[in-house]
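Close look at the chain arrangement
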Amino acid sequence: MILEQAVLDVRAGRADAFEVAFSKAKTIISAMPGFRRLTLSRCVERPDAYLLLVQWDTLEDHTEGFRGSAQYQEWRRLLHHFYDPFPTVEHYREVATA
């Protein structure tokens, strides 16, 4: 399992609109092969910042499958104009739990 992590800095004053758009966009990503689950959390100290965590079966399910799909173009259309700066996305493999 791969955990995708991105801190999403949303343009000031656009958080409500971002959340509406994300509610539409999550139906796109959740239908993709290899998708397991996601969480979107809003920062308490910085209310225009969000933490997106997505679980994938494999790295390629995200980097090739989702990002290479026609559905990704709709995801981009719905969400990418909200970000400033554009987020860095990183991928993690679990090594320990408690």
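Values in this document were obtained by computation on a predicted structure and should not be read as measured data.

**Comments concerning the pattern of salt bridges**
Summed over the entire model, instances satisfying the criterion amount to five salt bridges. With a shortest N-O distance of 2.6 Å, Asp57 and Arg36 are connected by a salt bridge. Taken together, the positions of Asp57 in the loop between strand E3 (49-56) and helix H2 (59-66) and Arg36 in strand E2 (residues 35-42) put the pair 21 residues apart, joining distant regions of the chain. By relative accessible area, Arg36 is classed as partly exposed at 47%. Taking the shortest distance from any N to any O, the salt bridge between Arg77 and Glu74 comes out at 2.6 Å. One end of the pair, Arg77, and the other, Glu74, are both in helix H3 (residues 70-79), three residues apart, so they sit about a helical turn from each other. The class of Glu74 is partly exposed, set by a relative accessible area of 31%.

**Concerning unusual backbone geometry**
With an omega dihedral of 0 degrees, the bond running from Asp84 to Pro85 counts as a cis peptide bond. Along the chain, the position of Pro85 falls in the loop between H3 and strand E4 (89-93).

**So, the nonpolar core**
Within the largest apolar cluster, 25 residues are counted, with the highest numbers of intra-cluster contacts made by Phe18, Ile29, Trp56, Phe66, Trp75 and Leu79. Sorting elements by how many residues they give to this core places helix H1 (residues 15-30) first, with seven residues. Here Trp75 is in contact with Phe22, Ala25, Lys26, Ile28, Ile29, Leu52, Phe66 and His80, once residues within four sequence places are set aside.

**Looking at the packing of H1 against H3**
Where H1 contacts H3, the axes come no closer than 9 Å and their chain directions differ by 175 degrees. The orientation of H1 with respect to H3, classified from their angle, is roughly antiparallel. Residues Phe18, Ala21, Phe22, Lys24, Ala25, Lys26, Ile28 and Ile29 of H1 lie in contact with H3, whose contacting residues are Gln71, Glu74, Trp75, Leu78 and Leu79. The residue inventory of the contact of H1 with H3, partitioned by class, reads nine nonpolar, one polar and three charged.

**Section: the environment of Val95**
If you trace the backbone, Val95 turns up in the segment after E4. Remark: the alpha-carbon pair of Val95 and Phe82, spanning 13 residues in sequence, is separated by 33 Å.

The rules behind the values
- Counting restarts for each chain, with residues numbered from 1 along the sequence as it is written.
- For this predicted model, a pLDDT threshold of at least 70 governs which residues receive local features, and a threshold of 80 or more governs which side-chain atom pairs are given and counted, while totals over whole chains, interfaces and linings are taken from all residues.
- Side-chain metrics rest on all non-hydrogen atoms present in the structure, leaving aside hydrogens and water.
- Just to be clear on terms, a salt bridge is a Lys or Arg side-chain nitrogen sitting within 4 Å of an Asp or Glu carboxyl oxygen.
- Runs of H or I in DSSP of at least four residues are treated as helices and runs of E of at least two as strands, each being numbered from the N terminus.
- Only protein chains enter the area calculation, which uses a 1.4 Å probe; residues under 20% of their type maximum are buried, those over 50% are exposed, and those in between are partly exposed.
- Buried Ala, Val, Leu, Ile, Met, Phe, Trp, Tyr and Cys residues form a nonpolar core when they are joined through side-chain atoms within 4.5 Å.
- Throughout, a residue-residue contact means that at least one pair of heavy atoms, one from each residue, lies within 4.5 Å.
- Between the N-to-C directions of two axes lies an angle of 0 to 180 degrees, each axis being a line fitted to C-alpha atoms and, for a helix, fitted only over the stretch in contact.
- Note that the term roughly parallel is reserved for angles under 35 degrees, roughly antiparallel for angles over 145, roughly perpendicular for angles of 65 to 115, and oblique for everything else.
- In the scheme used here, Gly and all other residues not listed as nonpolar or charged are polar, with Ala, Val, Leu, Ile, Met, Phe, Trp, Tyr, Cys and Pro taken as nonpolar and Asp, Glu, Lys and Arg as charged.

In short, shape yes, function no, at least from these values alone.
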